[in-house]
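Breakdown of the fold
The primary structure of each chain is shown beneath.
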Amino acid sequence: MAGFGLSMLLQCAGRDFQKVLVLAIGNLCVFVMSFLIKKHFLVLFALLIAVFGAHSTAGAQEFNEVQAVIKPQLQLENSRKIRQLIQRIGKDRFDQKQKSRSSASFGADLDGEPDEEDVGEETPGRNFWIEGSVSRLEDSAPIRAYDGTQHSVSIGGDAAVTERLTLGIIGNYSESDVDNIFLPGNSTTEVISAGPYVAYFLTDTVVLTGSLLYSDTENGATSGGVVASYDSESWNANATLTTYVFAGNALFAPNVGISFSEERDEAYVDSAATFFAASTTRSSTLNFGVSASSSRVLSNGVTIDPSIGIEGEWTFDQSVDAPTSVVANTEEFDANVVFGIDFQWNESFSLEFSGNYAGLARTDYESLTGNVRVSFSF
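The text that follows walks through the structure, step by step, so that each part is easy to find. (Residues numbered from 1 in each chain as written. Predicted model: local features only at pLDDT ≥ 70, side-chain atom pairs only at ≥ 80, totals over all residues. Heavy atoms only, no water.)

In this section: the overall build of the protein chain. If you tally the helices and strands in the protein chain, you get one helix and 16 strands. Within the protein chain, buried positions represent 42% of all 378 residues. By sequence separation, contacts in the protein chain at least 24 residues apart represent 64% of the contacts at least 6 residues apart. Accessible surface, the protein chain: about 19900 Å² in total, of which carbon and sulfur atoms supply 66%. (Helix = DSSP H or I, 4+ residues; strand = E, 2+ residues; numbered from the N terminus. Buried < 20%, exposed > 50% of the residue type's maximum accessible area, 1.4 Å probe, protein only. Contact = heavy atoms within 4.5 Å. Areas by Shrake-Rupley, 256 points an atom, 1.4 Å probe, with all protein chains shown as cover.)

See below:
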């Protein structure tokens, strides 16, 4: 009996031990699974934060560089393009006056008085023109490298208010597409501009040209899957004083001018919920140079007028509100070559090809612009 009771006790104890062991193993498994799930969740969560955080940081750096480094340079390019366009229009009005005087002199009687049929011949009083432009720009500095293109179409017309004063209106549509190499990304702009321009002859050979344009811009940027869009508005004013000097068959045109631009970007939030405060960019430049041209009349009556010149550009004031860790190009001086050829078919129609190469005095920056302009006078 004693042996039988001991045997039963051991069996009961064994069953309890098995239950305890099973419960212990089960609890251990639950603990291990819970630990692994929590650990992997934390790791996954950390990875998501790292990925999206990196995209957000990269996007913020890219968008700051666009506002603080790239757009100020686009501002200088646009300002130069408009100023040179208005200056070329002033040269057209000068040529028209010279041809009118030559016709009057050619038709004079022996006594020096104009023929009766030439008395009514005057300089064309109204002009209409349209110009297309393409630019390529590049900054190869490793700390801010970018390159891109600009395309624009300008249209305008003017009328002679007095013998010395011509007033006109200009409208412009332009777009840019810039790839950021240093901080991989892309930025775009679409700009609509409009405003008046003027050509005023202080003397027969000294002309003051200028314009005032208001612009509305739609901006876009992408970087690392983050996108942003915002609007901005800007003003551009310029004035150039040009003196025309004849030397035989050549015409020299020394000039000096000034330009001012201001662009205000509105505040915005990108797709990664990063906030960007409103910012303002201002640029002021002093320009000085000289060009030379020499016209020639072909056997078919077409007048060709090739020209070439050099221009210095001093950015004496530039301020940018947008913060950035990217080092901007702080070189104040630049030089550019201007060139062109004008085909004058008759008094009413002309076709001009012109261009500009800038960056001669800058270490890592260069730009090349080509223009085609058709003009009608009546």
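Let's pick the thread back up.
For the rest of this paragraph, the subject is the packing of aromatic side chains. Taken as a whole and judged by the stated rule, the model has 14 aromatic pairs. Where Trp129 meets Tyr197, the ring centres are 6.3 Å apart and the plane angle is 55°; that geometry is what we call tilted. In this pair, Trp129 is assigned in strand S1 (residues 126–139) and Tyr197 in strand S4 (residues 185–201), connecting sequence segments 68 residues apart. With a relative accessible area of 1%, Trp129 lands in the buried category. A ring pair is formed by Phe349 and Phe376, whose centres lie 5.5 Å apart and whose planes are at 45°; its orientation type is tilted. Of this pair, Phe349 sits in strand S15 (residues 349–358) while Phe376 sits in strand S16 (residues 365–377), and the two are 27 residues apart along the sequence. The class for Phe376 is partly exposed, based on a relative accessible area of 35%. (Phe/Tyr/Trp six-rings, centres within 6.5 Å; stacked < 30°, edge-to-face > 60°.)

Before going further, it helps to examine the pattern of salt bridges. With the rule as written, the count across this model stands at 17 salt bridges. Among the ionic pairs, Lys91 bridges to Asp305, the shortest N-O distance being 3.0 Å. Separated by 214 residues along the polypeptide, Lys91 in helix H1 (residues 2–106) and Asp305 in strand S13 (residues 303–320) bring together distant segments of the chain. Accessibility expressed as a relative area gives 12% for Asp305, which makes it buried. Between Arg264 and Glu262 there is a salt bridge whose closest N-O contact spans 3.0 Å. We classify Arg264 as partly exposed; its relative accessible area is 45%. Salt bridges sharing partners connect three or more residues here, namely Arg88, Asp92, Glu131, Glu352 and Arg373. (Salt bridge = Lys/Arg side-chain N within 4 Å of Asp/Glu carboxyl O.)

A contiguous nonpolar patch, built from Phe128, Ile130, Val153, Ile155, Phe376 and Phe378 and spanning about 520 Å² of accessible area, is present on the exposed surface. Elements supplying a minimum of two residues to the nonpolar patch: S1 and strand S2 (146–160). Considering the arrangement of structural elements, one finds Ile155 in strand S2. (Patch = residues over 30% accessible without salt bridge, like charges linked within 9 Å, V, L, I, M, F, W, Y side chains within 5 Å.)

Time to look at the pairing of strand S11 (residues 279–293). As judged from the 15 bridges shared by strand S8 (residues 250–265) and S11, these two strands associate in the antiparallel manner. Looking across to S11, one finds that Pro254 is bridged to Val290. Where S11 meets S13, 13 bridges bridge the pair, whose relative direction is antiparallel. Looking at S13, one finds that Asn287 is bridged to Glu313. (Pairing = 2+ DSSP bridges.)

A few words on the environment of Thr369. For Thr369, the position within the fold is in strand S16. Residues Thr369 and Arg136, spaced 233 residues apart in sequence, show a C-alpha to C-alpha distance of 6.5 Å. Non-local contacts of Thr369, meaning those with residues more than four positions away in its chain, are made with Lys81, Ser133, Val134, Ser135, Ser354, Gly355 and Asn356. Of the polar contacts made by the side chain of Thr369, one reaches the side chain of Ser135; its length is 2.8 Å. (Polar contact = N/O pair within 3.5 Å; in protein donor to acceptor, adjacent residues only side chain to side chain.)

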